[in-house]
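Below, each chain spelled out in residue letters.
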Amino acid sequence: MCGVCGTFSPNGGGDRSIAAAMHSRLVHRGPDETYSLNTQTISVKLGRLGFTGLVDGWQPAEDRSGRYVAMTNGEVFNSQALREKVGTDRQINGVDVSVVPELVAQYGIEGLRLVDGQFATVIFDRAANSLFLARDRFGICPMYYTVTGSDVHFCSEMKPLVQCVDRPWKVDIGAVDQYFSMGNIVAPRTLVKEVQAVPPGGAVKFDANGQETQRYWRYGEFSPATRPVSGEALREGLKESIRDRLQADVEIGAYLSGGFDSTAILMEAAALADQPVRTFSVVFDDPGLDEGRFQRQVADTVGSKHEQILCSQNDIASRFEEMVRHCCYPQRETYNVAAMILASTVRSSGIKGVVSGEGADELFFGYDSYAFDSATRSNRSSRAENEQAWGRADFGWEVNWRKLSQRREAYLAPLAQEALKGHEFWRTRLIPFSDDEVKSLSAMQLRSIADVYVQMSGHLLGDHGDSMLMGNSIEGRYPFLGNSVVSLALQAEDSAKVVDFEGKACLKSAYEGIVPESVLRRGKHGFTAYDLRSVTDARTWDDWRGLVEASGIFTPDCIEKTTGQGGADKWDFRLSAISIAMIMDELGLGL
């Protein structure tokens, strides 16, 4: 994993100092080496966090003709197989991502669908004087960009981009509404107006004629196999993906939450490794939050070298603002502080990468909501807004329409409410599927697609994953998102994934007798930490109240709000208001 940034000026005359300034703020993403690409029209910097080709690899990489040159952040786990397909590299570049420009040379941007990996890449076409910014299938690696006049500025993180490109920046009130409606912001939208995220599985092309977004892959092409997907096939697919993600010239550790997903990964990783796996987990001194006993049981079973890191109430209170100002992404809970502390400990131990269990719930229908969708219901409420957002009037994902208007009234200042008119979250299609395509999907399949694009890509892999890990020079690797596992998930029937209202049924069945029974049968335990208000002193809370008031988009007393009518919210939107106000202050955003 690395950090990449730069400026493309198709007419020439771009300011190279902007790329240098952004790069200086990305050192945590790539402290091992720095590479540069400079021509008359493009300036790119890449800071490398090295995993492969430590001796014989470098960037930028070129295709054999020299037409395409690329700077790539991330990993191509099937690089050897791709090289056999497209031919050897005439430069004998030992880094795995060196295959990217050759794929584009031979297959166009569609060639990226062949990659099993995680990447954000900058591809420059010398012959056409055009630029592609592209991300992996699920958006594990981030990429942001803004267009100012004829110049395109891009960066692996939004904060350096906004701080180094001199223009009056404003908050995107539509993105604020997305967050207060769904607890997420969906690419290409970001919290900053005029800054966009390259969509997962997509590429944005820039040239003298403007820009165009292309999608080379999308999640949700369900194609049930003629025969049921066997437990043996699922285990073999996951094992293959884990084997690929353990390949590196440095040691790879594992996150261990104590749940099924991380446990299954660790069981397979331990069997593949020739030495005890280093495992890491967070524990709390609150019994209602702590999963320590499950973590210890699994670690003892596989013989991993395990380290538990205590996250205290004081950690949450004292480091919440630090976390928000680093990632510049709104928050709905406090767990990211624990994720930040965990990543810091991993780095201190000398480990540069970890495997983690994200993706299993989305691909194999593991959340409780899938169990409800599995029940036949004829009274699903329909709304025209749903049809515009999702393609189906009877599908609303996690949006509570009854409470939404109440929440807007409670949190948004009159000026913000007025600015929101015509920009409400539902006016944008949130998944890459047409109305006709959505009609062919089951309720659970549609929810899976929404979970991937709304929650996983932006939040679980973004501020919770990449931001917390790479803030400490740690790379996260996700075996459940490997091509072999995804293919099997798309072939498995809905009825195999949810059985008797139990999600991930086929996965759990595949690991019966392997994963400890106490872990296999335990209920879903989401990422949860201490309530922020209960652990924060009055002075700090007053300071945050001042930030919220100064933002100009929130009602002055919104963070003192208690639960509205109709029961508790799923998330604590006081944290959302506080974190958005912090980001506006950090980035100097106006309304």
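What counts and how
Residues numbered from 1 in each chain as written. Predicted model: local features only at pLDDT ≥ 70, side-chain atom pairs only at ≥ 80, totals over all residues. Heavy atoms only, no water. Helix = DSSP H or I, 4+ residues; strand = E, 2+ residues; numbered from the N terminus. Rg over C-alpha atoms; globule rule 2.2 N^0.38 Å. Buried < 20%, exposed > 50% of the residue type's maximum accessible area, 1.4 Å probe, protein only. Contact = heavy atoms within 4.5 Å. Areas by Shrake-Rupley, 256 points an atom, 1.4 Å probe, with all protein chains shown as cover. Lys, Arg positive; Asp, Glu negative; His and termini not counted. Charge placed at Lys NZ, Arg CZ, Asp CG, Glu CD. Pairing = 2+ DSSP bridges. Axes fitted to C-alpha atoms, helices over the stretch in contact; angles between N-to-C directions. Salt bridge = Lys/Arg side-chain N within 4 Å of Asp/Glu carboxyl O. Parallel < 35°, antiparallel > 145°, perpendicular 65-115°, else oblique. Left-handed = near helix turned anticlockwise from the far one by under 90°. Nonpolar A, V, L, I, M, F, W, Y, C, P; charged D, E, K, R; others polar.

Chemist: Please explain the overall build of the chain as it appears in this structure.
Modeler: Per the secondary structure count, the chain includes 24 helices and 17 strands. Taking 591 residues into account, the globule formula puts the C-alpha radius of gyration at 25 Å, and the chain, at 23 Å, falls close to it. Along the longest, intermediate and shortest principal axes, the C-alpha atoms of the chain span 65 × 60 × 50 Å. Each of the 591 residues in the chain was classed as buried or not, and the buried ones make up 61%. Within the chain, counting contacts between residues at least 6 apart in sequence, those at least 24 apart form 73% of the total. Approximately 22200 Å² of the chain is accessible, and the part contributed by carbon and sulfur atoms is 45%. Of the charged side chains in the chain, 62 are positive and 79 negative; the average position of the first set lies 2 Å away from that of the second.

Chemist: Hey, could you run me through the sheet that holds strand β15 (residues 305–310) in this one?
Modeler: In sheet architecture, strand pairing relies on hydrogen bonds along the backbone and comes in two forms, parallel and antiparallel. An order of β15-β14-β13-β16-β17 is seen for the five strands of this open sheet, with the pairing classed as parallel. Since the sheet does not close on itself, it has two edges, and those belong to β15 and β17 (475–477), each with one partner. Neighbouring strand axes in the sheet, compared pairwise and without regard to direction, differ in orientation by 30° on average. The pairing of strand β14 (residues 278–283) with β15 spans six bridges and is classified as parallel. Across the sheet, the residue bridging to V282 is I309, located in β15. Sitting on the sheet, helix α8 (residues 292–302) touches β14 and β15, and the angle it makes with β15 is about 165°.

Chemist: Mind showing me how you'd approach the pairing of strand β5 (residues 68–76) here?
Modeler: Along any regular strand, the residues point their side chains to alternate faces of the sheet. The buried fraction of β5 is high, at nine of nine residues. In this structure, strand β4 (residues 61–62) lies alongside β5, joined through two bridges in antiparallel fashion. Within β5, the residue paired with A61 across the bridge is A70. Across nine bridges, the pairing between β5 and strand β6 (residues 117–125) is antiparallel. The residue of β6 that forms the bridge with M71 is V122.

Chemist: Teacher, can you tell me more about the pattern of salt bridges here?
Modeler: Pairing is possible between side chains that carry opposite charge, provided their charged atoms lie close to one another. Inspection of the entire model under this criterion finds 44 salt bridges. Taking the shortest distance from any N to any O, the salt bridge between R325 and D585 comes out at 2.8 Å. Here R325 is found in helix α9 (residues 313–327), whereas its partner D585 is found in helix α24 (residues 573–587), with 260 residues between them in sequence. For R325, a relative accessible area of 16% corresponds to the buried category. When its relative accessible area of 43% is taken as the criterion, D585 is described as partly exposed.

Chemist: Even after reading the chapter, I still don't get the sheet that holds β6, so can you show me in this structure?
Modeler: In spatial order, the strands read β4-β5-β6-β7-β11-β12; together these six strands make up an open sheet with antiparallel pairing. Of all strands in the sheet, those bounded by a partner on one side alone are β4 and β12 (210–215).

Chemist: How should I be thinking about the packing of helix α5 (residues 173–182) against α24 in this particular structure?
Modeler: When two helices pack together, their arrangement is given by the angle between the helix axes and the distance between those axes. Close contact between α5 and α24 brings their axes to 10 Å; oriented N to C, the two are set at 155°. If you check the angle between α5 and α24, you find them roughly antiparallel. The interaxial crossing formed by α5 with α24 has right-handed handedness. Taking contact as the criterion, the partners of V176, Y179 and F180 in α5 are, on α24, F573, S576, A577 and I580. When the residues that make up the contact of α5 with α24 are grouped by side-chain class, the tally is six nonpolar, one polar and no charged.

Chemist: What is the right way to look at unusual backbone geometry in this model?
Modeler: Residues apart from glycine generally show negative phi values, whereas peptide bonds are mostly found in trans. In the segment running from Q59 into P60, the intervening peptide bond is cis, with an omega of 5°. Examined against the element boundaries, P60 turns out to sit in the loop between β3 (42–48) and β4. That bond from A187 to P188 is cis: its omega, 15°, falls within 30 degrees of zero. Among the secondary structure elements, P188 is positioned in the loop between α5 and β10 (196–197). With phi around 55°, I92 is a residue other than glycine that occupies positive phi space.

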